[in-house]
Every structure is written in C-alpha cells, then in structure tokens.
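# Analysis of the macromolecular model
Letter by letter, the chains look like this.
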Amino acid sequence: MSGIIQLLPDHVANQIAAGEVVQRPASVVKELVENAVDANASEIKLIIKDVGKTLIQVIDNGKGMNVTDARLCFERHATSKIRHAEDLFALHTKGFRGEALASIAAVAHVELKTKQEQEELGTHIVIEGSKFISQEVAVLPKGTSFLVKNLFFNIPARRNFLKSDHVELKHIIDEFERVALAHPTIHFVLISNGAEIFNLPSSNYRQRIVNIFGGKTNEKLVPVNEETEIISISGFIGKPEFAKKNRNEQFFLVNDRFIKSSFLHHAVMSAYEGLLKDANQPSYFLYLQVPTHTIDVNIHPTKTEVKFDDEQALYAILRSAVKHSLGMFNVAPVLDFERDATLDTPYAYKDVKSDMPIIQVDSTFNPFATEVEAKTKSSNSGSSYSSGNTSYKKQELQPSWESLYVGLKQDSFEVESRTFESGEVVTSSLFDDEIAETKTLLYQLNRKYIINSIKSGLLVIHQNRAHQRILYEQFLTNITVHQAVSQQMLFPLCLHLGREEVLYLKDLQPNLEGIGFVFESIALDEVKIVGLPVQVKESEVLDILNDLIHNLQQNLPEDSFSLSDSIAKFMAKSIAVKSGKIMNETEMSAIVNSLFGCKEPNFSPFNQPIFITLTTEELDKRF
C-alpha cells in the first residue's frame, strides 16, 4: 500500500510561503530594501508605480552577487546571512530565513541585475512565477537591481483583496520610513509614479528624523540617553504638547531593526502619565542596543515581534530614562522643596538680636469725650502719648435726612381721575400651544444634555450628537450640491504635516474645498490655507485635519460617495459642541430648532440616538 504523504513541488511550496511573507506590495518593499541594507549599500533607490501593483524596483550600490549566487538566491532557504542554528542568536543582518526572494518570485515577474565590483560583467536573470525564463551576461554598474512587476498576477484573489491606493501607499511609506530611520548613514530615495516623495541624504539620527517628518519636528524633540549593562538607549521623544491622536510617529528600533512591542510602549506611556490629554499619543524614536544573545527575532515572518530575556528590567530602565529626560529638559513639572532664597535673613542682620518693642498707652483716653474735655485731659496728662503726635477730634455730625425737606412747599394737588376700558382678556384656545412654547425655557443638565419641556412631558437632547447631525447634513449638502461659504483669511495659515498626511490631503482637496477650505498651495512639507469653513476656528485647523486624516485612514473609504460621507461625518465630529461646554439659552435654542429641521433628527451620523422623551405618564409612575 502506497503512502499518502508526499513532498510538495517547489512552486507550490513557494506560493504557500508567499502567503506569509508577501501579504501586500509593502511586504516586497520591506524585503528588497532590507536586502540592499545587508549588502552594505550606501545608496538605495526605491521606485514604485501604481502603489507597487505594477512595478517595484530597488536599486543599490552594494557588493552585488556572482553568477552562482544570483541563480541560487531564488531557491527556498538559500541565504548568505547564517550558517548554523546558533547564528540565530547572533544576528547582525535584517534577513536570515532565505524565503523572501523565492516567495516574491512565485507571485510576480522578477528581473535581477547584479554585478560585483571586481567583475567585468554582471548577470541578468528573468523569472516568472518561479520559472526561470532567461539568464544572460550584461554590462552593469556595481550593485544590484531588483525589478518586481505584475504582483499577484497568478493569484487574482489576493490582488482583489488589496486595499485602496491610499492605504497601500501608506504601508509602503511606513516600511520605507522604518528602514530609513534605522540607517541614517545610507542615502535613501523614494519615487512614486514619477514624483520624488523622499530624498534622504546621509546624516545623523536627529537630522534623519527631521528630513522624514518635516522641519518643524526639530523643536518637538527631547533627547534620551541611558547606558546600562543590559541595554543602551538613545534617541528622542516628543514634547507632550505636540502629542497626536495617531501613532504614526512611534518607533522602537532594537539593534537597528524596527519592532512592535506593546510592553515597551506601555513603559513610555507610563513615563508620560499626567502630561497628555485623553487619547493622545506621544512621539518617540528610540534606538535600543541589546546583546544579540538576549533577544529572539525568530518569532514571526515579518520579524517585527521579538522576545527579550529580561523584559521587566528593560521596562523599568526605559520608563526611568524617558521620565528623566522629560524632567531634565523641564518638560515635566518638577517639585522643589528647597527654601526660597529671598525669604532668608539678610547677611548683615544675621547675628543681630531683635529687641522687644515698647508700647505706650494713654489710660485716660476717652473716645466719647467732647473736644473740650479731650483737650483738658490732654493738658493735665503728663504721658508721652498725650503730649505727642495725635489727639482725638470729634467728627462733625452729618445733617439728618429730615433737613433735606426743610423749606419745601407743602402744596398739595389732586390727581384727575381717569377711566380705563375694563374687561377680561379672553384668549382663544387655538394659541395656547404657541404661548406655551414662547414661555418654555431650555435648561442644560451636567453640561451635556439640553432639557426642553413639551406638551407631553420632557425632551432630553444630547448636545454633542445633535450638533453632529446638524453639521453632518450641512457638510454633505455643501460637498454634493453646492460649495459652502468660506471665510477668507488676512494672512495664509501655514501648516506643517508629514509626507503621508500631505499626500492624503491632496486627494481630499476637492472634497475639503466643497466644505469651505481654500488651499493656496500643498507642498511636500507645507500646506497653505487662505480660507476656512465658517464653523472652524483658526487655532483648531491643525487638530481637525490631523483627526480627519487619521479617521479616514482607519475607516478606509473606497468610492467617492463614501469618501464624501466619511469626510462630512468626521468633520462634524471634530467641530461639534463637546460635552462639558456651557451653553446659553440662545445657543441651545439654535441647536434644538436646527435639529428638528434635519432630515433625520433621531440619530447621529454614527447611528447613535440623539434625544429621548419622558412623558408625563412615565413621570407619574415614578411618584
């Protein structure tokens, strides 16, 4: 009887491995750029088209490969990074599995051009879906060029599951930034659809951070340095006042490798305790160096999850280092219990003894005596007080109120009698409701709810959700039907955003202009705004745009209608009156009247109830 277990063919095994290694175009970018770093390249250029679905090309000036290595690198578990199992605990390279190139070649068309410095000619290899098409000798410069075209051409289901272009480009930029931050001495270039997004020259850590996240980042950074036997910490953290609601500027780089660690993140957050607003996240770019034998990176194919030998010690050291930097640079408040020097005794009076003051009292002084009596007693008294500085004088009496009427004529006059129309005012029952409404008062409960009395009982309105509904319908109408009124600014408002935010903002520009924003220019690191919606304050623009971009990236709108709807939702959420704001009766009345003029006053844009009614019968049952 024949066995049922069989070895899988190489092309099938490669596609299975590709499911773990190559999840999206950003996975290809990560593997190829890290290979270029491992090749000791000083210049790396990344070129993409259609967010990597059509083309991903990585060009480096590293050491290159010979003919044998160029052919062997596409085999599974073929690698130059390790030789023995013990090498897994002494890793100094990014890759070590030997699966990346085989997985990429299994799901795309790949061209490899490589040449070593000492060789006269290089090698040009073409592979399509794990099948070698050609291998030729070519005249090439030193280094390696990987060309990946038509990603997932043989797995259409995987291609259909890719997200929108905005999302895929964001993932590619994220991977590029992670490698670029870990290696500031390498010159990186990123070109997307012919436009240069990043050109990062060789620099130090701080300058690399500024080159990636914009010039205004420099003033936000606070240095961190800590040297211990088990870990070396360096890098920068952001000042609390510049914290954002997203986590785009949080990087842990352990042994020059980007990692994700909720444990270490919690250590940083605990150091910021009491300094951040609710739901805000600080920026940090922390470079950690630990002995290679105390860390295990062979946990996940993406190599972003690691295990440390002594996590508790790392937690305590990291938390202490961050807290020390916040205090040392006067970012965090410091309690000083030393005495104030201005309250100390002057040096000249240090040894001088103080004398008891002498008090002299005139025992014969009578405040109720007349002026003549006071003078008589003063002359008879021999005390130093009576013959001294002061003497009692009786205050002159003010005339009484009766004296105001002295001399007035006491003539009397009679008031002529007038007759007025008498009769009871009768009001028609038709206007009872209207009069009742005009006399209705609005109350605010706990700075959160608006209480309005109606004929059947009480109406309790959630002020934040009600305002969200009002603004949402206004914005949606302005985007889809006609443009909103914009308030022009005297001077342009310059905003400094990250590269990802600026690229995303360019795509949102038509929709935002429909709401009321007017953009003068949108550059790679600066946005100039010359007009704002009427509901938006100038001081709130940066936070509103950051929240809008963050929310849209999380909710991933696909088509144009859902994008317009999402923009209207999140703009309304950002601008709406917050719970906790005190409102006067005019403001509450405007919200109530506008709410019931909406098409759907019952629910907020996020399908939450806006108001409830308490009928008289329900109140009677309570009693």
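So, here's what we can say about the structure. These numbers come from a predicted model, not from an experiment.

In this structure the tally under the stated criterion is eleven salt bridges. For Arg 24, the salt bridge is made with Glu 168, and the minimal N-O distance between the two is 3.1 Å. Of this pair, Arg 24 sits in the loop between α1 (10–21) and α2 (25–38) while Glu 168 is found in helix α6 (residues 165–182), placing the two residues 144 residues apart along the sequence. Overall, the relative accessible area of 21% leaves Arg 24 in the partly exposed class. Across the pair Lys 581 and Glu 587 runs a salt bridge, and its minimum N-O distance is 3.9 Å. The exposure class of Lys 581 is partly exposed, given its relative accessible area of 39%.

Our focus in this paragraph is α2. Here α2 spans 20 Å end to end across 14 residues, near enough to the 20 Å set by a 1.5 Å rise per residue. Within α2, 13 of the 14 residues are buried, which leaves it mostly tucked inside the rest of the structure. Following α2 by one or two positions, Asn 40 has its phi on the positive side, about 60°.

Pairing between the strands of a sheet is mediated by backbone hydrogen bonds and can be parallel or antiparallel. The three strands lie next to each other as β19-β21-β20, forming an open sheet whose pairing is antiparallel. For this open sheet the edge positions go to β19 (486–495) and β20 (518–522), each flanked by a neighbour on one side alone. Pairs of neighbouring strands in the sheet enclose a mean axial angle of 15°, with direction left out of account. Bridge count for β19 against strand β21 (residues 527–533) is six bridges, and the pairing is antiparallel. Paired with Leu 493 across the strands is Ile 529, a residue of β21. Those strands touched by helix α13 (residues 499–515) are β20 and β21, and its axis lies near 160° from that of β20.

This brings us to the pairing of strand β17 (residues 449–454). Pairing geometry for strand β16 (residues 442–445) and β17, over four bridges, is antiparallel. Residue Tyr 443 lies in a different strand from β17, and its bridge partner there is Ile 451. As consecutive antiparallel partners, β16 and β17 are separated by three residues, and within that stretch Asn 446 has a phi angle of approximately 55°, a positive value. Linking two consecutive strands that pair antiparallel, namely β17 and strand β18 (residues 457–462), is a turn of two residues.

In this section: the sheet that holds strand β22 (residues 611–615). Strand order across the open sheet formed by four strands is β16-β17-β18-β22, with antiparallel pairing between neighbours. Looking at which strands have only one partner, the edges of the open sheet turn out to be β16 and β22. The mean angle between the axes of side-by-side strands here comes to 25°, regardless of whether they run parallel or antiparallel. Examined bridge by bridge, β18 and β22 share five bridges and lie antiparallel to one another. What sits directly across from Val 460, in β22, is Ile 612. Lying on the sheet, helix α12 (residues 463–480) is in contact with β16, β17 and β18; it crosses β18 at an angle near 70°. The strands that helix α16 (residues 585–595) touches are β16, β17, β18 and β22; relative to β16, the one it contacts most, it runs at about 100°.

How two aromatic rings sit relative to each other is set out by the distance from centre to centre and by the angle between their planes. Per the stated rule, a full pass over the model turns up 14 aromatic pairs. Ring geometry for Tyr 205 and Tyr 287: centres 4.0 Å apart, planes at 40°, overall tilted. Taken together, the residues span a long stretch of sequence, with Tyr 205 in helix α7 (residues 205–213) and Tyr 287 in strand β13 (residues 284–289) at a distance of 82 residues. Relative accessible area serves as the criterion here: at 31%, Tyr 205 is assigned to the partly exposed category. Joined through ring pairs, the aromatic side chains of Phe 213, Phe 251, Phe 258 and Phe 285 make up one cluster. Directly above the aromatic system of Phe 606 lies the positively charged group of Lys 569, at a separation of 6.0 Å from the ring centroid. Above the ring of Phe 606, the side-chain terminus of Lys 573 is found at 5.5 Å from the ring centroid.

Another aspect to go through is a nonpolar patch on the surface. Together, Ile 612, Leu 614, Leu 619 and Phe 623 make up a nonpolar patch on the protein surface, roughly 430 Å² of accessible area in all. Counting through the fold element by element, Ile 612 comes out in strand β22.

Among the secondary structure elements, Lys 220 is positioned in the loop between α7 and β9 (221–227). Every residue in contact with Lys 220, bar those within four places of it in the chain, is listed here: Ile 237, Gly 238, Lys 239 and Phe 242.

This part is about helix α9 (residues 311–328). The first and last C-alpha atoms of α9 sit 25 Å apart over 18 residues, in line with the 26 Å expected at 1.5 Å per residue. Every buried residue of α9 is accounted for by Leu 314, Tyr 315, Ile 317, Leu 318, Ala 321, Val 322, Ser 325 and Leu 326. Where the residues of α9 are buried, they touch β9, β10 (232–238), β11 (250–254), α8 (262–271), β13 and β15 (307–308).

Here the focus is the packing of α12 against α13. Axis angle and axis distance: for two packed helices, these are the angle between their axes and the distance between the axes, and together they describe the pair. Interaxial distance between α12 and α13 falls to 7 Å at its minimum, and their mutual angle equals 115°. Seen along the crossing, α12 lies across α13 with a hand that is right-handed. Taken together, the residues of α13 that come into contact with α12 (itself represented by Phe 475, Asn 478 and Ile 479) are Asn 511, Gly 514 and Ile 515. Residues belonging to the contact of α12 with α13 are distributed by class as follows: three nonpolar, three polar and no charged.

As a further point, take the nonpolar core. The biggest cluster of nonpolar side chains holds 61 residues, and the ones touching the most others in it are Leu 32, Leu 46, Phe 74, Val 148, Leu 181 and Phe 188. No other element matches α6, which puts eight residues into this core. Look past the residues within four positions of Leu 46 in its chain and what remains in contact with it is Val 29, Ile 56, Gln 57, Val 58, Ile 172, Phe 176, Val 189, Leu 190 and Ile 191. Core analysis: the next-biggest nonpolar cluster, separate from the first, contains 36 residues, Leu 471, Tyr 504, Leu 505 and Ile 567 among them.

Let us look at unusual backbone geometry. Phi at Asp 50 takes a positive value of approximately 55°, unusual for a residue other than glycine. With respect to the secondary-structure elements, Asp 50 resides in the loop between β1 (43–49) and β2 (55–60). At Asn 255, a residue that is not glycine, the phi angle is positive and equals roughly 50°. Locating Asn 255 in the fold gives a position in the loop between β11 and β12 (257–259). In this structure Asn 255 comes out as partly exposed when scored by relative accessible area, which is 22%.

This paragraph deals with the environment of Ala 195. Its place among the elements puts Ala 195 in strand β8 (residues 195–200). In sequence terms Ala 195 and Ile 47 are 148 residues apart; their C-alpha atoms lie 9.5 Å from each other.

Cut-offs used in this document
Residues numbered from 1 in each chain as written. Predicted model: local features only at pLDDT ≥ 70, side-chain atom pairs only at ≥ 80, totals over all residues. Heavy atoms only, no water. Salt bridge = Lys/Arg side-chain N within 4 Å of Asp/Glu carboxyl O. Helix = DSSP H or I, 4+ residues; strand = E, 2+ residues; numbered from the N terminus. Buried < 20%, exposed > 50% of the residue type's maximum accessible area, 1.4 Å probe, protein only. Expected span 1.5 Å × (residues − 1). Pairing = 2+ DSSP bridges. Axes fitted to C-alpha atoms, helices over the stretch in contact; angles between N-to-C directions. Contact = heavy atoms within 4.5 Å. Phe/Tyr/Trp six-rings, centres within 6.5 Å; stacked < 30°, edge-to-face > 60°. Lys NZ or Arg CZ within 6 Å of the ring centre and 35° of its normal. Patch = residues over 30% accessible without salt bridge, like charges linked within 9 Å, V, L, I, M, F, W, Y side chains within 5 Å. Areas by Shrake-Rupley, 256 points an atom, 1.4 Å probe, with all protein chains shown as cover. Left-handed = near helix turned anticlockwise from the far one by under 90°. Nonpolar A, V, L, I, M, F, W, Y, C, P; charged D, E, K, R; others polar. Core = buried A, V, L, I, M, F, W, Y, C linked by side-chain atoms within 4.5 Å.

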